[in-house]
Every structure is written in C-alpha cells, then in structure tokens.
Amino acid sequence: MTRNAQLFERAQRVIPGGVNSPVRAFRQVGGTPRFIDRAEGAYMIDAEGTRFIDYIGSWGPMIAGHAHPEVTEAVQRAATRSLSFGAPTADEIDMAEAICQLMPAVEMVRLVSSGTEAGMSAIRLARGYTGRDAIVKFEGCYHGHADSLLVKAGSGLLTFGNPSSAGVPADLARHTLVLEFNNIPQIEALFATRGHEIACVMVEPIAGNMNFIRGDAAWHRRLRELCTEHGALLVWDEVMTGFRVALGGAQQVYGIRPDLVVMGKVIGGGMPLAAFGGRRDVMERLSPLGAVYQAGTLSGNPVAVAAGMAQLRIIQRPGFYAQLSAATGQLMRGLEAAAGRHGVRFKTDSEGGMFGFYFSDALPRNYPDVARADVETFKRFFHAMLDRGVYLAPSMYEAGFVSAAHGPDVIAATLEAADAAFAQLAKA
Ligand SMILES: *Cc1c(COP(=O)(O)O)cnc(C)c1O
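In this text the structure is predicted, and so the values were computed from the model without any measurement.

## Thoughts on empty space enclosed by the protein
Next up, step 1: For the coordinates displayed, the defined rule picks out 4 cavities of 30 Å³ or more.
Next up, step 2: In this structure, the largest cavity occupies an estimated 90 Å³ of space.
Next up, step 3: Considering the residues around the largest cavity, the lining is formed by Asn-211, Phe-355, Gly-356, Phe-357, Phe-378, Leu-392, Ala-393, Ser-395, Met-396, Glu-398, Ala-399 and Gly-400.
Next up, step 4: The element best represented in the lining of the largest cavity is strand β16 (residues 354-358), accounting for 3 residues.
Next up, step 5: Grouping the amino acids of the lining of the largest cavity by side-chain chemistry returns 7 nonpolar, 4 polar and 1 charged.
Next up, step 6: Of the volumes computed, that of the second largest cavity is approximately 50 Å³.
Next up, step 7: Taken together, Asn-211, Phe-357, Tyr-358, Phe-359, Val-370, Ala-373, Phe-378 and Met-396 make up the lining of the second largest cavity.
Next up, step 8: The residue inventory of the lining of the second largest cavity, partitioned by class, reads 7 nonpolar, 1 polar and no charged.

## Considerations on the sheet that holds strand β8 (residues 176-179)
Next up, step 1: Across the sheet, 7 strands lie side by side as β4-β14-β13-β12-β9-β5-β8; this open sheet has mixed pairing. Every interior strand has two partners, whereas the edge strands, β4 (108-112) and β8, have only one. On average, adjacent strands in this sheet sit at an angle of 20 degrees to one another, irrespective of strand direction.
Next up, step 2: Here β4 runs beside strand β14 (residues 274-278); their pairing, made up of 5 bridges, is antiparallel. Each bridged residue has a counterpart across the sheet, and for Arg-110 the counterpart in β14 is Phe-276.

## A closer look at the domain arrangement of the protein chain
Next up, step 1: Assigned domains of the protein chain: these are domain 1 (3-67 + 319-427) and domain 2 (69-315).
Next up, step 2: Of note, the centres of domain 1 and domain 2, computed from C-alpha atoms alone, are 26 Å apart.
Next up, step 3: Counting residues at the interface gives 32 residues for domain 1, matched by 32 residues for domain 2.
Next up, step 4: Both faces combined, the contact of domain 1 with domain 2 buries some 2,700 Å², and carbon together with sulfur accounts for 57% of it.
Next up, step 5: Linking domain 1 with domain 2 are 3 salt bridges.
Next up, step 6: Here Arg-214 makes a salt bridge to Asp-349, at a shortest N to O gap of 2.8 Å.

## Observations regarding the packing of helix α3 (residues 90-102) against helix α10 (residues 302-315)
The axes of two packed helices give the description: the angle between them and the distance between them.
Next up, step 1: Two elements in contact, α3 and α10, have axes separated by 10 Å at closest approach and are oriented at 40 degrees. On the basis of their axis angle, the class for α3 and α10 is oblique. Between α3 and α10 the crossing geometry is left-handed. Here Asp-91, Glu-92, Asp-94, Met-95, Ala-98 and Leu-102 of α3 come into contact with α10, specifically with Val-305, Gly-308, Met-309 and Leu-312.

## Some points on the pairing of strand β9 (residues 198-203)
Next up, step 1: The element β9 is extensively covered by neighbouring structure, given that 6 of its 6 residues are classed as buried.
Next up, step 2: In this sheet, β9 lies alongside strand β5 (residues 134-138) in parallel orientation, the contact comprising 3 bridges. Residue pairing across strands places Val-136 opposite Val-201, the latter belonging to β9.
Next up, step 3: Sheet analysis places β9 next to strand β12 (residues 233-237), joined by 4 bridges and oriented parallel. Paired with Val-203 across the two strands is Trp-236, which belongs to β12.

## Overview of the sheet that holds strand β18 (residues 400-401)
Next up, step 1: One open sheet accounts for 3 strands, arranged β15-β16-β18; its pairing is antiparallel. Each having just a single partner strand, β15 (347-351) and β18 make up the two edges of the open sheet.
Next up, step 2: Relative to β16, β15 is paired through 5 bridges, and the arrangement is antiparallel. The residue bridging Asp-349 from the neighbouring strand is Gly-356, located in β16.
Next up, step 3: Against the sheet, helix α11 (residues 320-341) engages β15 and β16, with an angle of about 175 degrees to β15.

The rules behind each value
Residues numbered from 1 in each chain as written. Predicted model: local features only at pLDDT ≥ 70, side-chain atom pairs only at ≥ 80, totals over all residues. Heavy atoms only, no water. 1 Å grid on protein atoms, 1.4 Å probe; cavity = no way out; pocket = protein on both sides within 12 Å on 5 of 7 lines; lining within 4 Å. Points joined across faces, edges and corners; volume = space filled by probe spheres on them. Helix = DSSP H or I, 4+ residues; strand = E, 2+ residues; numbered from the N terminus. Nonpolar A, V, L, I, M, F, W, Y, C, P; charged D, E, K, R; others polar. Pairing = 2+ DSSP bridges. Axes fitted to C-alpha atoms, helices over the stretch in contact; angles between N-to-C directions. Domains from an automatic or database assignment. Contact = heavy atoms within 4.5 Å. Buried area = accessible area lost by both parts, 1.4 Å probe. Salt bridge = Lys/Arg side-chain N within 4 Å of Asp/Glu carboxyl O. Parallel < 35°, antiparallel > 145°, perpendicular 65-115°, else oblique. Left-handed = near helix turned anticlockwise from the far one by under 90°. Buried < 20%, exposed > 50% of the residue type's maximum accessible area, 1.4 Å probe, protein only.

Rendered as structure tokens:
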C-alpha cells in the first residue's frame with residue numbers, strides 16, 4: 001500500500017471521508033487523495049516525496065506562490081509577538097486601509113476568519129439594513145456553507161428555495177430565491193413581482209465554483225440597476241475573484257460598484273482571514289455602532305493579518321498582474337493548441353490568475369451548461385495530468401489558479417504533460 005493510501009485509510013477512521021473539506025476527497029475523479037507534506041513556489045510535494053505543479057493554490061490564496069519568503073518571514077515576526085490578543089492592533093488598520101484603497105466599492109471593512117463567515121455576515125447586514133428577509137442567489141454560485149446559502153431552486157421561477165443540504169431548515173431556505181446565472185428576463189420577472197421583499201442579490205461576478213463562468217457585463221449592469229431601483233443591496237462575493245482577476249477584483253474588470261463586497265482567500269495569504277465591506281452607511285449599521293450583531297474572537301488575528309499584508313504588498317508591485325495574466329493566457333492557449341493537435345474538443349477561459357477549461361465546443365454560460373460537460377473525459381484528463389506531475393482541481397466544477405511562481409519553465413512543463421495527456425485521451 002502506498003504512503004498516501006495508508007494515510008487516507010488512517011484519516012478515514014477519525015475524519016469524515018478522511019478530509020476536512022469535501023472536494024479534497026477526490027470523490028468526483030476517484031483514486032487516492034495526495035497528502036501534502038510541503039509546498040514551494042509553483043510546486044507541492046506529497047507524503048511520498050512526489051512533486052506536482054500546483055494549479056489549485058489552496059483554492060486561490062497562494063497567488064504569490066507557496067512559502068514566499070516575505071510572507072513566511074512576516075508570519076514568523078508576528079508570531080513572536082504572540083498569536084492573538086483579542087484587542088485592536090495598528091496592523092489591522094493598515095490592512096483595512098489597504099483594502100479600502102484597492103477595492104473601489106469598499107469604504108469600510110470588517111475582518112473575519114473565513115469566506116463563509118464573511119458571506120453570512122454580509123447577508124445579515126443586508127437584512128438588517130433593508131428590514132427585508134428575502135435574498136437572491138444564482139444556481140452554481142457558492143458563497144460558503146451558511147444555512148441561508150445551501151439552497152437550490154424551488155419547483156419553478158419565483159417559488160421558494162429548498163435546502164440543498166440536510167440540516168438546513170426549510171423555513172429558512174424559503175427566504176432564499178435561486179435564479180439562473182446570466183439570465184436577465186428571470187431577474188427582471190422576480191423584481192417585478194417581489195422587488196419590495198428582497199434584501200440583497202448576492203453573486204460571484206465571475207463564477208469560480210461551477211468551473212469558471214463570466215457574468216455578462218449587461219447582466220451585471222441590470223442587477224445593479226434593479227437593486228438600486230428596488231432598494232435592495234447588491235452583494236458581490238469576491239472571495240475568489242478579489243485580488244485574483246485584477247488588483248481591484250472583478251469591480252475593476254467590470255467597472256460596477258456593488259453595495260457590499262465579500263472577500264477572502266488572497267487577502268489572507270494562506271492564513272484564515274476574510275472580510276466584508278462596502279458602503280459606509282451600510283457598514284455603520286454593524287455592532288457596536290448599529291443594531292446588526294457580528295463578532296469574532298480571532299477576527300483580525302495578528303498572524304493572519306501579517307501574512308495577508310505581506311502578500312498584499314507583493315501583489316501591488318508594478319507588473320504583477322500583467323505577468324500573472326500573461327502566464328495564465330499562455331497556459332490556456334497552449335492547452336487549446338495541444339487539445340487541437342489531438343482532436344479533443346476543448347475550450348478555456350481566464351481572467352488574471354484564474355482559469356477554467358471544458359471538454360466541450362462552447363464556453364458554458366450557466367450551471368446546466370457545466371453539468372452537461374463530459375465528466376468521463378475530465379476524469380481521465382485529471383488522472384493523466386496527475387500521473388505526469390500536474391495537480392489540477394479534482395472536480396470539473398472548480399476553477400484553476402496560477403501564481404506568480406508559475407514562470408515560463410513551469411508553464412512549458414505543464415504543456416508538455418498536457419500534450420501527452422491529450423494524446424492518451426485521443427487513443428482511448
Ligand atoms: C471559497 C469561497 C467562499 C467560502 O470561503 P471559505 O473561506 O471557504 O469559507 C465563499 N465564496 C466564494 C466565491 C468562494 O470561492
């Protein structure tokens with residue numbers, strides 16, 4: 001039995017499914033998850049000493065590459081000053097100021113410890129601010145695992161949502177309305193009948209939890225108009241896209257100003273740190289100023305803030321995103337060319353350091369499009385790449401991530417592996 005298989009067996013005895021977050025279990029692709037020992041730059045090394053080129057980057061945070069010396073040194077320095085105080089610090093003001101400066105829509109911000117916590121808090125704030133209960137989300141978008149968000153569409157448009165997880169009360173799920181991504185007539189119809197009940201519309205501006213799907217600019221503009229017209233808040237979940245698709249997130253890409261923004265992943269540099277922020281008049285409704293309660297023992301944790309700030313300094317250097325986008329673009333064009341050489345139907349899309357690929361002739365526009373993609377071919381490609389030392393997300397519903405450490409040699413090695421993997425697919 002391999003070392004990874006031994007670890008997986010041990011893990012499954014004491015941890016449900018052997019993992020602390022479901023996608024790590026390789027359920028969609030099958031096989032044994034790799035237990036990671038360490039990582040450096042663009043590479044992860046597993047418990048057997050096998051080295052992989054990493055296109056997960058901890059699902060987004062590691063945009064400067066693994067174990068970046070400036071980030072690890074900042075963490076070490078912070079750690080010697082104690083791991084937590086439960087009292088305010090000067091460093092957390094630096095971080096809040098940096099976020100307000102970089103994110104166009106953020107005038108005030110509160111730090112929390114996970115994207116889930118940030119999303120859940122933004123919804124409570126939107127409900128408290130508007131005095132309304134209903135929220136709108138879109139099929140295939142993920143905003144963390146809070147009760148109000150684990151909801152799927154009801155039997156038809158404009159009907160109550162149903163829980164998508166056991167343990168979510170139907171009474172709570174009914175306040176969440178789930179619509180199709182990129183569908184303008186649906187959101188117009190909903191606002192026409194129930195606009196006065198809607199506290200907020202929450203959306204991933206570029207969806208990264210159903211592979212990679214761009215929201216149409218016209219759809220986003222319509223969401224902005226409808227929210228303004230009906231007194232609902234527009235909440236952009238930029239946990240994945242923030243500081244990832246551009247320094248100013250998707251707000252910078254689209255030039256649209258949401259009322260609230262949810263952030264995470266990159267801002268923590270790999271430590272548990274997330275945030276929500278936005279309009280000053282809305283944020284001032286938070287406790288202790290206002291009536292919307294929100295708190296956290298480890299919120300603004302000094303070690304997490306040190307890691308996040310060190311990474312925020314790196315990504316603000318001139319040319320950081322130009323180089324990251326160029327590397328990602330080169331990878332995407334190379335993958336399409338390799339697929340083309342072997343007659344495999346294959347499409348890609350990317351923005352900044354975030355990408356998606358599909359075994360299909362057309363880019364998907366919504367969740368049903370992704371669900372129709374060829375999962376068997378995806379599985380074979382995933383394993384063909386893993387066998388050749390390239391670690392892609394083990395699910396076709398996930399986006400991929402490139403870091404600043406993915407230099408030309410790393411991209412070239414990936415494309416060499418891809419050429420062989422596509423050749424193997426074409427033969428089968
Ligand atoms: C990852 C993610 C979350 C949840 O963040 P956690 O830190 O895993 O709780 C929320 N929204 C989006 C868009 C994400 O990608």
